[in-house]
Amino acid sequence: MRILICEDSVLLREGLVRLLEHSGHEVVGAFSDTVGVAGAVANELPDLCILDVRMPPRFTDEGIRLALELRAAHPQLPVLVLSQYVEEQYASELIAAQGGAFGYLLKDRVADVADFVDALVRIAGGATVLDPEVVAQLLTRRSKDARMERLTARERTVLAALAEGRSNQAIAALLFLSEASVEKHITAIFQKLELEQDEFGNRRVLAAIAHLESAGSAQQPPAPNATQTGQAR
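This one's a predicted model, so the numbers in the text were calculated from it and none came from an experiment.

Caption draft 1: Main features of the overall build of the protein chain. For the protein chain, the count of helices and strands is 11 helices and 6 strands. Per-residue burial over the protein chain gives 52% buried out of 233 residues. Here the contacts in the protein chain between residues at least 6 apart in sequence split such that 72% fall between residues at least 24 apart. A total accessible area of about 10500 Å² is found for the protein chain, and carbon and sulfur atoms account for 51% of it.

Caption draft 2: Quick look at the nonpolar core. Of all hydrophobic cores here, the largest spans 29 residues; its most connected members are Leu70, Val81, Leu94 and Tyr104. If you list the elements that add at least two residues to this core, you get strand E1 (2-6), helix H2 (37-44), strand E3 (48-52), helix H3 (62-73), strand E4 (79-83), helix H4 (88-96), strand E5 (102-106) and helix H6 (132-139). Considering each element in turn, this core owes the most residues, 5 residues, to H3. Grouped together as the second largest cluster of nonpolar side chains are 22 residues, Leu20, Ala101, Ile123 and Ala127 included.

Caption draft 3: Seen up close, the UniProt feature "modified residue: 4-aspartylphosphate" (unreviewed entry) in the protein chain. In this numbering, the UniProt entry assigns the feature "modified residue: 4-aspartylphosphate" (unreviewed entry) to Asp52. With respect to the helices and strands, Asp52 occurs in strand E3. Discounting residues that sit within four places of it in the chain, Asp52 has contacts with Cys6, Glu7, Asp8, Gly63, Ile64, Leu82 and Lys107.

Caption draft 4: Spatial organisation of the pattern of salt bridges. Here the structure, examined in full by the defined rule, presents 10 salt bridges. Residue Glu44 pairs with Arg2 through a salt bridge whose shortest N-O separation is 3.0 Å. Of this pair, Glu44 sits in helix H2 while Arg2 is found in strand E1, placing the two residues 42 residues apart along the sequence. Exposure remark for Glu44: the relative accessible area of 32% places this residue in the partly exposed category. Using a relative accessible area of 25% as the deciding quantity, one classes Arg2 as partly exposed. Arg109 is the salt-bridge partner of Asp131, the closest N and O atoms lying 2.6 Å from each other. Placement of Asp131 in the loop between strand E6 (129-130) and H6 and of Arg109 in the loop between E5 and helix H5 (113-124) is noted, with a sequence separation of 22 residues between them. The partly exposed category is assigned to Arg109, whose relative accessible area is 26%. Overlapping salt bridges bring together Arg58, Asp61, Glu62 and Arg65 as one network.

Caption draft 5: Quick look at the confidence of the model for the protein chain. Per-residue confidence for the protein chain averages 79 on the pLDDT scale, and 75% of its residues sit at or above 70. Averaged pLDDT values over the elements of the protein chain bottom out at 51 in helix H11 (residues 201-215) and peak at 97 in E1. Confidence drops under pLDDT 50 across residues 198-202; counting only partners more than four residues distant or on other chains, this segment forms 8 contacts. Low pLDDT, under 50, characterises residues 214-233; the stretch is placed with 74 contacts to residues that sit more than four places away or in other chains.

Caption draft 6: Inspection of the packing of helix H1 (residues 10-22) against H5 at higher detail. Two elements in contact, H1 and H5, have axes separated by 11 Å at closest approach and are oriented at 80 degrees. Of the possible angle classes, the one that applies to H1 and H5 is roughly perpendicular. Facing H1, whose interface residues are Leu16, Leu19 and Leu20, H5 presents Val113, Phe116, Val117 and Leu120. Within the contact of H1 with H5, the residues separate by chemical class into 7 nonpolar, no polar and no charged.

Caption draft 7: Layout of the sheet that holds E6. Reading across from one edge, E2-E1-E3-E4-E5-E6 is the order of the 6 strands in this open sheet, with parallel pairing throughout. Two strands close off the open sheet at either side, each with one partner strand: strand E2 (26-31) and E6. Sheet topology places E1 next to E3; 4 bridges connect them, and they run parallel. Residue pairing across strands places Ile5 opposite Ile50, the latter belonging to E3. Across the face of the sheet, H2 comes into contact with E1, E2 and E3 while running at roughly 175 degrees to E1. The sheet strands contacting H3 are E1, E3, E4 and E5, and the helix crosses E3 at an angle near 155 degrees.

Caption draft 8: Structural detail: the pairing of E3. Most of E3 sits inside the fold, with 5 of its 5 residues counted as buried. Every second residue of E3 is oriented toward a common face, with Leu48, Ile50 and Asp52 on one face and Cys49 and Leu51 on the other, all of them buried. Alignment of E3 against E4, held across 4 bridges, turns out to be parallel. Each bridged residue has a counterpart across the sheet, and for Leu51 the counterpart in E4 is Val81.

About the cut-offs
- Residues numbered from 1 in each chain as written.
- Predicted model: local features only at pLDDT ≥ 70, side-chain atom pairs only at ≥ 80, totals over all residues.
- Heavy atoms only, no water.
- Helix = DSSP H or I, 4+ residues; strand = E, 2+ residues; numbered from the N terminus.
- Buried < 20%, exposed > 50% of the residue type's maximum accessible area, 1.4 Å probe, protein only.
- Contact = heavy atoms within 4.5 Å.
- Areas by Shrake-Rupley, 256 points an atom, 1.4 Å probe, with all protein chains shown as cover.
- Core = buried A, V, L, I, M, F, W, Y, C linked by side-chain atoms within 4.5 Å.
- UniProt positions renumbered as here; feature names shortened; annotations may be inferred.
- Salt bridge = Lys/Arg side-chain N within 4 Å of Asp/Glu carboxyl O.
- pLDDT = per-residue confidence, 0-100.
- Axes fitted to C-alpha atoms, helices over the stretch in contact; angles between N-to-C directions.
- Parallel < 35°, antiparallel > 145°, perpendicular 65-115°, else oblique.
- Nonpolar A, V, L, I, M, F, W, Y, C, P; charged D, E, K, R; others polar.
- Pairing = 2+ DSSP bridges.

In structure tokens form, the structure reads like this:
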């Protein structure tokens, strides 16, 4: 996989380069700021871009602005945004934006090398991967939408796991359910939320998260032991 990195921290940037190369991937560019990144993407056509949220010169939202620009200019380009902590506004902008597969992870996740590299591969393959902390904050907002009130407690727990990008098999294992039961819950969830079902699993997840973010949900704890993300069905 050919990867482009935009990260201002020298230690993290160089660490990512070594980690990715050691994992068998090719780093086609490693930038300390956003200058020249758009051109490099156009020239190199990477399989994935990794971007920090806060970049020079202002260290506010330069990285997220670049991520949105890249997703608009290259709709099929998978993008992973790394953040020091959960910033709901930025996560929401990415969720609402049109574009290809994307991920939003906290930088702490890089320490778990195997899971981090696996997340990169899944994003490059078309999955949506959201940090469990991001999902938890989106799901604990107060709801003003009657549609969320239609969900049972079990359906909300399944939705929390689904929104993290977990597969039906992973949700079943997490919640000690059969895969058939998980499938029934997911079908009921999208019927109650009035979301069309289609073969594009990632679009279903994005639709669910966008709905939850815009309306918030009734106060709901995240799925238990939510430490991993996976490909949505």
